[in-house]
Amino acid sequence: MNKKQVLVIDDEPDIRELLELTLGRMNLETRAAANLDEARHLLQDFRFDLCLTDMRLPDGNGIDLVRHIQDKHPQLPVAVITAHGNMETAIAALKAGAFDFVSKPLDLNDLRSIVRSALKVSQAPAPKTEHLGTRELLGESPAIHKVRAMIEKLARSQAPVYVSGESGTGKELVARLIHDLGPRGSKPFVPVNCGAIPEQLMESEFFGHKKGSFTGAVQDKEGLFKAADDGTLFLDEVGDLPIHMQVKLLRAIQEKSIRPVGAQTEIRVDVRILSATHKKLHELVKEGKFRQDLYYRLNVIELPVPSLRGRPEDIPLLAEAVCQRLAETQEMPVPHLSPHALEALSHYAFPGNVRELENILERALTLCDGQEISADDLQLRDDSQPAGEMTHPDFSADGSLEDYLEQVERGAIEHALAKTNRNKTAAAKLLGITFRALRYKLEKLGIE
């Protein structure tokens, strides 16, 4: 079997020798260049599986070479070598299309890890988002075609990606596709909702802890970073992180190491970071609620996910797919949407995006008679009407707002229970809430 070919570019003979020796021990064949001009000639004459280049070269810099390779050899992964601590340069290289970076003085373990990941990318065929079974980004609109193309490109990089968009647009799905299609696809994908972790437990959740390090720490815990080692950590709602955790997170990302609570030593971790939030992160930076240095570290490349109202032509296809999935889950025939129902959906604003479409259709499936979902079954509401509300009790000036809201909630729940013959699971679906949330409300309101 032919050895993989690596192009090494560095103007320091000692560094070139170290790189060639290290790569040779990995059973790789190398060709070396001392400047950009030599590198371009070698790229013209030979086929390579990986390029490893220093940033500072006598006749230019590594970013020039990254751009040249992106233009002439887009399937060739490039890793750049940067000066220690020069994160701005590393980020500029990632933005230009570099696969990853390694800092001087060279950590050979880091180097080997990057080389192995990059070779997986060069060996793999160009990824396609259409071939991932149930995990696919449905739609034929120009906006979705653009997102799919970006996903396929970003999957071939290790650059941190910030997935932006409104709630319910499918940001986690986009992050999963970037992971699945990349060299880490067979390794863990660990999603974490940063807004759902109690502040006092955040450090332990992210970095783990040692037994006895605090009250309740009855055994060692590895934490999310360690769970995602060699894979991807997806930080959802990253804008909800408190400032003190932002500092610790930035250090973990930059140093590629963590220290569990109560531990004396640090642990090396190799994790790709993807993040998302429905908040406008740059505005939080301006307000001093989000660290600018962390923002730039996470937002190396931004991938905006369009709202559903921004791609209305995709609604029929999405609705059909959701109905099919729900029917299979409930082991029932697949219903179809009446022309009036499709028209109603096409004119609805969908403030909750794809997630709201799924909730609407799940509720409609419970309400519809036979094989057809009518416009009435959809129970579309304007933005001023709370989900699941069926009746409007009169508000009396003598009562408090709290009493009024309780009447509204009680009326909606009673209506849903009556409509579903007291089936609590179906009633929860009708109301657009979880079964657990319904059970809590029933206990709170004293409804049998």
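Preceding this paragraph is the structure being described.
What counts, and at which threshold
- Position numbers for residues start from 1 in each chain and track the written sequence from start to end.
- For this predicted model, a pLDDT threshold of at least 70 governs which residues receive local features, and a threshold of 80 or more governs which side-chain atom pairs are given and counted, while totals over whole chains, interfaces and linings are taken from all residues.
- No hydrogens and no water enter the side-chain calculation; it runs on all heavy atoms of the structure.
- Pairing between two strands requires that DSSP report at least two bridges joining them.
- For the purposes of this entry, the term helix denotes a DSSP run of H or I that reaches at least four residues, the term strand denotes a run of E that reaches at least two, and both are numbered from the N terminus.
- Handedness rule for crossovers: strands pointing away from the viewer, path from the first strand over the helix to the second running clockwise, crossover right-handed.
- Buried means the residue's accessible area, taken with a 1.4 Å probe over protein chains only, is under 20% of the maximum for its type, while exposed means over 50%, and partly exposed covers the values in between.

Asker: Explain the pairing of strand 2 (residues 29–33) to me, please; I cannot follow it from the model alone.
Answerer: On a regular strand, each side chain points to the face opposite its neighbour's, so the side chains alternate between the two faces of the sheet. Here strand 1 (residues 5–9) pairs with strand 2 via five bridges, running parallel. Looking at the pairing, V8 lines up with A32 of strand 2. Read as a crossover between parallel neighbours, the route from strand 1 over helix 1 (residues 13–25) to strand 2 is right-handed.

Asker: What am I meant to see in unusual backbone geometry here?
Answerer: Trans peptide bonds make up most of the peptide bonds, and negative phi angles are found at most residues other than glycine. With omega at -5 degrees, the peptide bond leading from K104 into P105 counts as cis. On the secondary structure map, P105 appears in the loop between strand 7 (100–103) and helix 5 (108–123). With phi around 65 degrees, N27 is a residue other than glycine that occupies positive phi space. Secondary-structure assignment places N27 in the loop between helix 1 and strand 2. Residue N27 is classed as partly exposed on the basis of its relative accessible area of 49%. Backbone geometry at N353 places phi at a positive 60 degrees, although glycine is not the residue there. Residue classification places N353 among the buried residues on the basis of a relative accessible area of 0%.

Asker: Sorry if this is basic, but what is going on with the environment of Y440 here?
Answerer: Looking at the secondary structure, you find Y440 in helix 19 (residues 435–445). Y440 sits in the exposed class, given a relative accessible area of 53%. When the C-alpha positions of Y440 and K429 are compared, they lie 15 Å apart, and in sequence the two are 11 residues distant.

These results come straight from atomic positions and should not be treated as a statement about function.
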